[in-house]
Amino acid sequence: WLPMQVFDVGKTMAAQIIRWVTLLFWTGDIVASCNTGYYTRAGEVVLRRRAILIHYAKTWLAPDVVIVTADWAVILASLVSSAAGSAGF
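Here's a quick rundown of the structure. Being a predicted model, the structure only gives us computed values, none of them experimental.

1. With respect to the packing of aromatic side chains
Reasoning step 1: Inspection of every chain in the model, using the stated rule, returns two aromatic pairs.
Reasoning step 2: When the ring of Trp20 is compared with that of Trp72, the centres are 5.8 Å apart and the planes differ by 70°; the resulting orientation is edge-to-face. A residue pair is termed long-range when its members are at least 10 positions apart, and Trp20 in helix H1 (residues 13-33) and Trp72 in helix H3 (residues 61-87) qualify at 52 residues.
Reasoning step 3: Taking relative accessible area as the criterion, Trp20 reaches 29% and is therefore assigned partly exposed.
Reasoning step 4: Look at Phe25 and Trp26: their rings are 4.9 Å apart centre to centre, the planes differ by 85°, and that puts the pair in the edge-to-face class.

What follows is the structure, encoded as structure tokens:
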């Protein structure tokens, strides 16, 4: 969100749609990455689910979860604050 704070994007419908589409895309990417095979250093393709999950957990799972969780927290905080504002609190 920091780079976009330079621009006055506002809360247009298009901006909201883009925000949700990208959030859902990256959330789905975590699920897809848990099901995506990989190549070993020896050039072998690994397609066993357990090996894929272990490999993903050792490589990109932590950064993916941190980033997507932060995005979800921002979206949910925005929803809560707008709901509180419309409720008169």
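2. As for the side chain of Asp64
Reasoning step 1: Its location among the elements puts Asp64 in helix H3.
Reasoning step 2: In this structure, Asp64 is buried with no salt-bridge partner, the nearest side chain bearing the opposite charge being Arg49 at 15 Å.

3. Brief notes about H1
Reasoning step 1: For H1, with 21 residues, the first-to-last C-alpha span of 30 Å sits near the 30 Å given by 1.5 Å per residue.
Reasoning step 2: Looking only at H1, the buried set comprises Ala15, Leu23, Ile30 and Ser33. Looking down the long axis of H1, one finds its buried residues gathered within 105° of arc, a one-sided arrangement. Turned more than 90 degrees away from the buried face of H1, the exposed residues are Met13, Val21 and Val31.

Each value, and the rule that gives it
- Per chain, the residues get numbers from 1 upward, laid out in the order the sequence is written.
- Totals for whole chains, interfaces and linings use all residues, but because this is a predicted model, local features are given only for residues with pLDDT of at least 70 and pairs of side-chain atoms are given and counted only at 80 or more.
- Each side-chain value is derived from all of the structure's non-hydrogen atoms; neither hydrogens nor water enter the calculation.
- Two aromatic rings from Phe, Tyr or Trp, using only the six-membered ring of Trp, form a pair when their centres are within 6.5 Å; if the ring planes differ by under 30 degrees the pair is stacked, by over 60 it is edge-to-face, and anything between is tilted.
- Secondary structure counts use DSSP, requiring at least four H or I residues in a row for a helix and at least two E residues in a row for a strand, with both numbered from the N terminus.
- Residue exposure (1.4 Å probe, protein chains only): buried if accessible area is under 20% of the type maximum, exposed if over 50%, otherwise partly exposed.
- Think of it this way: Lys and Arg go in the positive column, Asp and Glu in the negative one, and His and the chain ends go nowhere.
- The term salt bridge refers to a side-chain nitrogen of Lys or Arg lying within 4 Å of a carboxyl oxygen of Asp or Glu.
- Take the number of residues in a helix, subtract one, and multiply by 1.5 Å to get its expected span.
- This arc corresponds to the set of directions leading from the helix axis out to the C-beta atoms.

The analysis is restricted to geometry; functional conclusions fall outside its scope.
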